[in-house]
Amino acid sequence: GCASATVGDMCLFIGGTDRSPRAFDEVWILKMAPESPDGSSVSSSDWRWIRKSTTVRGGGRLPARTGATATAVGSKVYVFGGQEPSQGTCFNDVVVLDCDSWEWSRLEISGPSPPPRNSHVACVVNGGRLLVVYGGSSPEVGPMSDVYLLDLREGAERWIRPKVTGQAPEPREMHAACVLPNTPGDGPDWKGDREIIVVGGRGRTAMLSDAVVLDAQSLEWVRRGDVGAAVCAHTAVPWRLGRSGAALLFGGFGGAALRGNDTVTVDGTTLKTITKGVSSEDAAFAPEPRFAHSSCLLPGGGMLVFAGVTPEADLGDVAVWVPDERAGVVPASDLD
């Protein structure tokens, strides 16, 4: 699927593929409407799609790709890895899109690069200083279970292969991950949250139903549990359950059938799940079940779901899920 990131009031969607398979090199923006003065969102009819024209520093074109990750740090989006599906070629480069100038550039990085891969996860921690990459696969290696850190300090960018303690998870691809809110780091050298939750994916022999937590500051796998049902090609965005950080999951494939269009929240502390089905009031707006879609966390709270596939069709719709308690907003709205 395409990579996605949120920058300000924009959801960016980069690359992707159709089932032919044909990879894309496009950048699409869903420009979100600002909130009204009372804090409630204005109508989604004020949102608009923009196919953004970009340039490449030094000229040329960047290769089209699918299965990459896009991670926003300020006004820059870091795209790592991915695959050109018609040839099966995987990448291990990092390309950066500056959303002020709309210029692409290749990041010059010291240190040994991770093996090429796609269908991995990447999360930024420590106030935007570190990009954490976990797992993924390539035709040559298959599913992986390695962790790499990319130090993003300007002018000193370098790859690091750290030693990670604790019980390592099973190698996987097509998993989902996000940073857990309310997990602050220790000491003056760490800014922001420190824990990353990884859920599901496809292993070397079967779909996976586990949830594991990586402490990105101490570099230790610290918790593991089971979400009850195997799933891959789903999405996760950061969420909160009271004071506990959590992951909000949507969609995916369970090995025999698509997962439903309910949402699943995984508590980052207990690793227990809460499933919320679609009410009769929301049924007309709820997206159909899918996998290989993209999701973004909306600035005001909520999850945006874009595209994906079913066994019958490639999808291009947009739906938004927001918590019921948010005044003035329906729980889900189809923007197509």
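The preceding data block contains the structure.
Definitions and limits used
- Residues numbered from 1 in each chain as written.
- Predicted model: local features only at pLDDT ≥ 70, side-chain atom pairs only at ≥ 80, totals over all residues.
- Heavy atoms only, no water.
- Helix = DSSP H or I, 4+ residues; strand = E, 2+ residues; numbered from the N terminus.
- Rg over C-alpha atoms; globule rule 2.2 N^0.38 Å.
- Buried < 20%, exposed > 50% of the residue type's maximum accessible area, 1.4 Å probe, protein only.
- Contact = heavy atoms within 4.5 Å.
- Areas by Shrake-Rupley, 256 points an atom, 1.4 Å probe, with all protein chains shown as cover.
- Lys, Arg positive; Asp, Glu negative; His and termini not counted.
- Charge placed at Lys NZ, Arg CZ, Asp CG, Glu CD.
- Salt bridge = Lys/Arg side-chain N within 4 Å of Asp/Glu carboxyl O.
- Pairing = 2+ DSSP bridges.
- Axes fitted to C-alpha atoms, helices over the stretch in contact; angles between N-to-C directions.

Considerations on the overall build of the protein
Check the secondary structure of the protein and you find 0 helices and 29 strands. Computed over its C-alpha atoms, the radius of gyration of the protein comes to 19 Å, within 12% of the 20 Å expected for a compact globule of 336 residues. Dimensions of the protein along its principal axes, counting C-alpha atoms only, are 55 × 45 × 45 Å. Looking at the protein as a whole, 52% of its 336 residues are labelled buried. For the protein, long-range pairs separated by at least 24 residues make up 51% of all intrachain contacts whose partners lie at least 6 apart in sequence. When the accessible surface of the protein is summed, it comes to about 14900 Å², and 50% of that surface belongs to carbon and sulfur atoms. The average position of the 31 basic charges and that of the 40 acidic charges among the side chains of the protein differ by 5 Å.

Observations concerning the pattern of salt bridges
A complete count under the given rule lists 17 salt bridges for this structure. Here arginine 51 and glutamate 26 are joined by a salt bridge, their closest N and O atoms 3.0 Å apart. Here the residue arginine 51 occupies a position in strand β4 (residues 48–51), and glutamate 26 occupies one in the loop between β2 (10–14) and β3 (27–31), the gap between them amounting to 25 residues. Judged by its relative accessible area of 53%, arginine 51 falls in the exposed class. When the shortest N-O distance is used, the salt bridge between aspartate 151 and arginine 129 registers 3.7 Å. With aspartate 151 in strand β16 (residues 147–151) and arginine 129 in the loop between β12 (121–125) and β13 (130–134), this pair connects stretches of sequence that are 22 residues apart.

Considerations on the sheet that holds strand β20 (residues 207–215)
Taken in spatial order, the 4 strands make up an open sheet running β18-β19-β20-β21, and their pairing is antiparallel. Of all strands in the sheet, those with a lone pairing partner are β18 (176–179) and β21 (220–226), marking the two edges. Going from strand to strand, the sheet's axes swing by 20° on average, the running direction of each strand aside. Two elements, β20 and β21, share 6 bridges in a ladder whose sense is antiparallel. Looking at the pairing, valine 213 lines up with arginine 223 of β21.

Some words on the pairing of β20
Most of β20 sits inside the fold, with 8 of its 9 residues counted as buried. Here 7 bridges tie strand β19 (residues 195–202) to β20, and the two strands are oriented antiparallel to one another. Following the sheet pairing, isoleucine 196 is matched in β20 by leucine 214. Turn length for the β20-β21 hairpin, with the two strands adjacent in sequence and antiparallel, is 4 residues, and the turn residue leucine 219 shows positive phi of about 55°.

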